[in-house]
Amino acid sequence: MTKTQILLPRRQSSLKSLDKKLKTLNPDHRRKYFILTDANILEHCLPTLIYNVPELESADFLELPVGEACKDLSIIHEVWGSLLESGADRSSVIVNLGGGCVCDAGGFVAATYKRGIDFINVPTSLTAMIDAAIGGKTAINLDGVKNQIGCFRNPIITCIEPAFLETLPENEIRSGEYEMVKTLLLTGRENWQNQNLSDLEDLLPYCVNFKQSVVKEDPEDHGLRKMLNFGHTIGHALEAYYIGQQKEMSHGEAVGIGILYALYLSTKKLGLDHACYSQYRSWLTKRIALPHLTLKEIEQLLELMRNDKKRADNETLFVLLQAPGVPVIDVSVNDNEIRDAILTSANK
Ligand code: GLY
């Protein structure tokens, strides 16, 4: 698989580095660029991209619907059509400017158009910067179930520019912080709960390098990479459960709560020190109110988890922690243990 070059801000902004890279990648301007983005990003981030990366001035723009809606096959079909109509060929390059959804969908378009063309990820959300834009997982949804169709294809470049985060609403930044804390727990970073999460100069490269090192070791998710699902098993089900309800739950919040349940299960199944669970619980409850789910609602979550490839009969495979920095993948957890984790951690 292609190796991704990650651009992080060093002596100059990452966007300036991207401009330089594109000059070498496309010296005679024969390759055509197509920027895929959504309406929000078009307004808030596209001007910054074009201003700092003049090499993209003559790119075509394709606008996607905002959020998960862009990961529908009908939308991908339209994008393939637009590329064909605009004369995109095998030398063309797609630039995905956006959050996780744009990177997932745009990566899938690039991986499939004319059997695969080059693409560049320019993530604009914190979650995408430290997760979705790195590692070559491309994906669209099937019948409302997330990420069921896709393939692995690495972007040639992932350009991480923290300046884009200034355009994000507070709740989006918070969402990304749960993914950051996931990394801190998986790596056993000392004193993580007192870490200033807005110190991105330190934390952004830390999280990016961690993700990169994991996917380098296990690019196609057969073993080690599964650890990145820490907190996501019940997290994804929670996110799906709240869709369309009066108060939806963001991906980040769902992962934040999913991590709590996973830590509780870790104390029960792997002997994780209870203090780690309690510290996390007190950190989390300062940020969000924990859901008090009824037994009926928990059954619905279990049903949603049945759609998850990690589930067999009434057993679900979890990533748990033996200790901070010591994740264990494929730990089998039964439905009663999940019910107990959800009910107990809501109260203590
Ligand atoms: N987001 C999890 C992974 O990239 O494997």
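Since we're looking at a predicted model, the values are computed, not measured.

*Asks:* Could you give me a rundown of the sheet that holds strand β3 (residues 60-64), with the residues and numbers involved?
*Replies:* One key point about sheets: their strands pair by backbone hydrogen bonds, in either a parallel or an antiparallel sense. Reading across the sheet, the 6 strands line up as β1-β8-β5-β4-β2-β3 and stay open at both edges, with parallel pairing between neighbours. Sheet topology places β1 (5-7) and β3 at the edges, where each strand pairs with a single neighbour. Neighbour-to-neighbour, the strand axes of this sheet turn through a mean angle of 20°, independent of strand direction. Summarising the sheet, strand β5 (residues 118-123) and strand β8 (residues 157-159) pair through 2 bridges and their orientation is parallel. The residue bridging Asn121 from the neighbouring strand is Thr158, located in β8.

*Asks:* Please give an account of the packing of aromatic side chains that cites residues and values.
*Replies:* To describe a pair of aromatic rings, you give the distance between the ring centres and the angle between the ring planes. In this structure the tally under the stated criterion is 7 aromatic pairs. Judged by centre distance (5.5 Å) and plane angle (75°), the ring pair of Trp192 and Trp283 falls under edge-to-face. Of the two residues, Trp192 is situated in the loop between α7 (170-187) and α8 (200-217) and Trp283 in helix α11 (residues 274-285); the sequence distance between them amounts to 91 residues. Considered together, Trp192 and Trp283 belong to a single accessibility category, that of buried residues. Relative to Tyr242, the ring of Tyr241 has its centre 5.2 Å away and its plane inclined at 85°; by these criteria the two rings are edge-to-face. You can call Tyr241 buried: its relative accessible area is 13%. In this structure Tyr242 comes out as buried when scored by relative accessible area, which is 14%. Cluster of aromatic residues (ring-pair linked, three or more members): Tyr178, Trp192, Tyr280 and Trp283.

*Asks:* Explain the site of the ligand to me, using residue names and the numbers behind them.
*Replies:* Around the ligand, a shell composed of Asp131, Lys137, Lys211, Arg225 and Leu228 is seen. Within the side chain of Asp131, a nitrogen or oxygen atom sits 3.0 Å from a nitrogen atom of the ligand. Notes on the ligand: free accessible area 200 Å², of which the protein chains cover 86%. The residue makeup of the shell around the ligand, split by class, is 1 nonpolar, no polar and 4 charged.

*Asks:* How would you explain helix α5 (residues 100-112) if you had to name every residue and give the values?
*Replies:* The terminal C-alpha atoms of α5 lie 18 Å apart, and with 13 residues this matches the ideal 18 Å at 1.5 Å per residue to within 8%. Buried residues dominate α5, accounting for 11 of its 13 residues. Listed as buried for α5 are Cys101, Val102, Cys103, Asp104, Ala105, Gly106, Gly107, Phe108, Val109, Ala110 and Ala111. Lys114 lies just past α5 and shows a positive phi near 50°.

*Asks:* Provide a residue-level description of the pairing of strand β4 (residues 93-98), including the pertinent values.
*Replies:* Two faces make up the sheet, and in a regular strand the side chains alternate between them. The buried count for β4 comes to 6 of 6 residues, which makes it a mostly enclosed element. Where strand β2 (residues 33-38) lies against β4, 4 bridges are found, and the strand directions are parallel. Its bridge partner lying in β4, Ile35 is registered against Val95. As judged from the 6 bridges shared by β4 and β5, these two strands associate in the parallel manner. Note on β5: the bridge partner recorded for Ile94 is Phe119.

The rules behind each value
- Residues numbered from 1 in each chain as written.
- Predicted model: local features only at pLDDT ≥ 70, side-chain atom pairs only at ≥ 80, totals over all residues.
- Heavy atoms only, no water.
- Pairing = 2+ DSSP bridges.
- Helix = DSSP H or I, 4+ residues; strand = E, 2+ residues; numbered from the N terminus.
- Axes fitted to C-alpha atoms, helices over the stretch in contact; angles between N-to-C directions.
- Phe/Tyr/Trp six-rings, centres within 6.5 Å; stacked < 30°, edge-to-face > 60°.
- Buried < 20%, exposed > 50% of the residue type's maximum accessible area, 1.4 Å probe, protein only.
- Near = heavy atom within 4 Å.
- Polar contact = N/O pair within 3.5 Å; in protein donor to acceptor, adjacent residues only side chain to side chain.
- Areas by Shrake-Rupley, 256 points an atom, 1.4 Å probe, with all protein chains shown as cover.
- Nonpolar A, V, L, I, M, F, W, Y, C, P; charged D, E, K, R; others polar.
- Expected span 1.5 Å × (residues − 1).

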